[in-house]
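Listed here are the chains, written in short residue letters.
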Amino acid sequence: MTVTRPYHHGDLRRVLLQTAVTAIEEAGPAALSLRDLARRTGVSHAAPTHHFGDKAGLLTALAVEGFDLLAAALTAAGDDLLEVGVAYVDFAVRHRAHFEVMFRPDLYRADAPELRAARQRAGAALHIGVATLPPDRAEPAGARTDALAAWSIVHGFATLWLSGALPPDVEADPRTAARTVIRRLFPPP
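Residues numbered from 1 in each chain as written. Predicted model: local features only at pLDDT ≥ 70, side-chain atom pairs only at ≥ 80, totals over all residues. Heavy atoms only, no water.

## Here we look at the overall build of the protein
Phase 1: From N to C terminus, the protein includes nine helices and zero strands.
Phase 2: Going residue by residue from the N terminus, the α and β elements of the protein occur as α-α-α-α-α-α-α-α-α.
Phase 3: Counting the 189 residues in the protein, one finds 41% classified as buried.
Phase 4: In the protein, once contacts between residues fewer than 6 apart in sequence are set aside, the share between residues at least 24 apart is 68%.
Phase 5: Accessible surface, the protein as shown: approximately 10400 Å² in total, 58% of it carbon and sulfur. (Helix = DSSP H or I, 4+ residues; strand = E, 2+ residues; numbered from the N terminus. Buried < 20%, exposed > 50% of the residue type's maximum accessible area, 1.4 Å probe, protein only. Contact = heavy atoms within 4.5 Å. Areas by Shrake-Rupley, 256 points an atom, 1.4 Å probe, with all protein chains shown as cover.)

What follows is the structure in structure tokens.
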């Protein structure tokens, strides 16, 4: 007797990505397999391969989606560096699976043009917030250094939050806690 799998009408690629997010939230990106993804979505084992080629292709698509979501979140925060930083931390907490993949170039095709473009959009959104810092930078490379400092602060905070490594007395809400830390190092003008 042959077992037939249900056919997904609509956007199977989207369903596969959503299922990958769930699987990564459960066990991390390293444990993800295309075979398990096919089983979870109720499609043939070849279906994920048809859409993504291999696991690296799937994770590349997930990273692109993540960088686009991050760019949208940072842009929606406006041009206030504090709020852009809080939006970054909020993104990491709300989109943990994407965040865990986006900054692991060993898992995906870092040279993929669509990935480079998405990463550039997210970086540009972060730079908008940095551009609002007082213009009293003595060196021309100051803005680049400020952007790296801002990214390091918010990325480090988000990573510490997600890993549960922050002290137990830190504010229970990640947005509030991040706002306190960011304000300390990048006070309002």
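## Points about the pattern of salt bridges
Phase 1: Scanning the entire structure with this criterion turns up 11 salt bridges.
Phase 2: Notably, a salt bridge pairs Asp36 with Arg39, separated by 2.4 Å at the nearest N-O pair. One end of the pair, Asp36, and the other, Arg39, are both in helix H2 (residues 34–41), three residues apart, so they sit about a helical turn from each other.
Phase 3: We note a salt bridge from Glu100 to Arg96, for which the minimum N-O separation is 2.8 Å. Of this pair, Glu100 and Arg96 both sit in helix H6 (residues 96–102), four residues apart, which is roughly one turn of that helix.
Phase 4: On the accessibility criterion, Arg96 (33% relative accessible area) is partly exposed. (Salt bridge = Lys/Arg side-chain N within 4 Å of Asp/Glu carboxyl O.)

## A short note on the environment of Glu26
Phase 1: As for its placement among the helices and strands, Glu26 is situated in helix H1 (residues 12–27).
Phase 2: Along the backbone, Glu26 and Ala97 are 71 residues apart, and their C-alpha atoms lie at a distance of 9.1 Å.

## Description of the nonpolar core
Inside soluble globular proteins, nonpolar side chains tend to come together where they are buried.
Phase 1: Counting residues in each nonpolar core, the largest one holds 58 residues, and the members touching the most others are Leu58, Leu59, Leu74 and Tyr108.
Phase 2: The dominant element in this core, judged by the number of residues it contributes, is helix H4 (residues 55–76), at 10 residues.
Phase 3: Contacts of Leu58, omitting those with residues within four sequence positions, involve Leu17, Ala20, Leu32, Leu34, Leu37 and Phe52. (Core = buried A, V, L, I, M, F, W, Y, C linked by side-chain atoms within 4.5 Å.)

## Observations regarding the environment of Leu69
Phase 1: The residue Leu69 is located in helix H4 in this model.
Phase 2: Its relative accessible area of 32% is what places Leu69 among the partly exposed residues.
Phase 3: Excluding residues within four positions of it along the chain, Leu69 makes contact with Phe91, His95 and His98.

## A short note on the packing of aromatic side chains
Phase 1: Under the criterion given, the structure shown has five aromatic pairs.
Phase 2: Ring geometry for Phe99 versus Phe103: centroids 5.3 Å apart, planes at 65 degrees, classification edge-to-face.
Phase 3: A relative accessible area of 6% means that Phe99 is categorised as buried.
Phase 4: Measuring from ring centre to ring centre gives 6.1 Å for Phe103 and Trp151, while their planes differ by 45 degrees; the resulting arrangement is tilted. Taken together, the residues span a long stretch of sequence, with Phe103 in the loop between H6 and helix H7 (113–130) and Trp151 in helix H8 (residues 142–163) at a distance of 48 residues.
Phase 5: Overall, Phe103 belongs to the partly exposed group, its relative accessible area being 25%. (Phe/Tyr/Trp six-rings, centres within 6.5 Å; stacked < 30°, edge-to-face > 60°.)

## Structural notes on the side chain of His155
Phase 1: For His155, the location among the structural elements is in helix H8.
Phase 2: Setting aside anything within four residues of it in sequence, one finds His155 in contact with Tyr88, Phe99 and Phe103.

## Quick word on the packing of H1 against H4
Phase 1: The interhelical angle for the contact between H1 and H4, taken along N-to-C directions, is 90 degrees, at an axis separation of 11 Å. By the angle class used here, H1 and H4 are roughly perpendicular. On H4, the residues that touch Arg13, Arg14, Leu17, Ala20, Val21 and Ile24 of H1 are Leu58, Leu59, Ala61, Leu62 and Glu65.
Phase 2: Grouping the constituent residues of the contact of H1 with H4 by class yields eight nonpolar, no polar and three charged. (Axes fitted to C-alpha atoms, helices over the stretch in contact; angles between N-to-C directions. Parallel < 35°, antiparallel > 145°, perpendicular 65-115°, else oblique. Nonpolar A, V, L, I, M, F, W, Y, C, P; charged D, E, K, R; others polar.)

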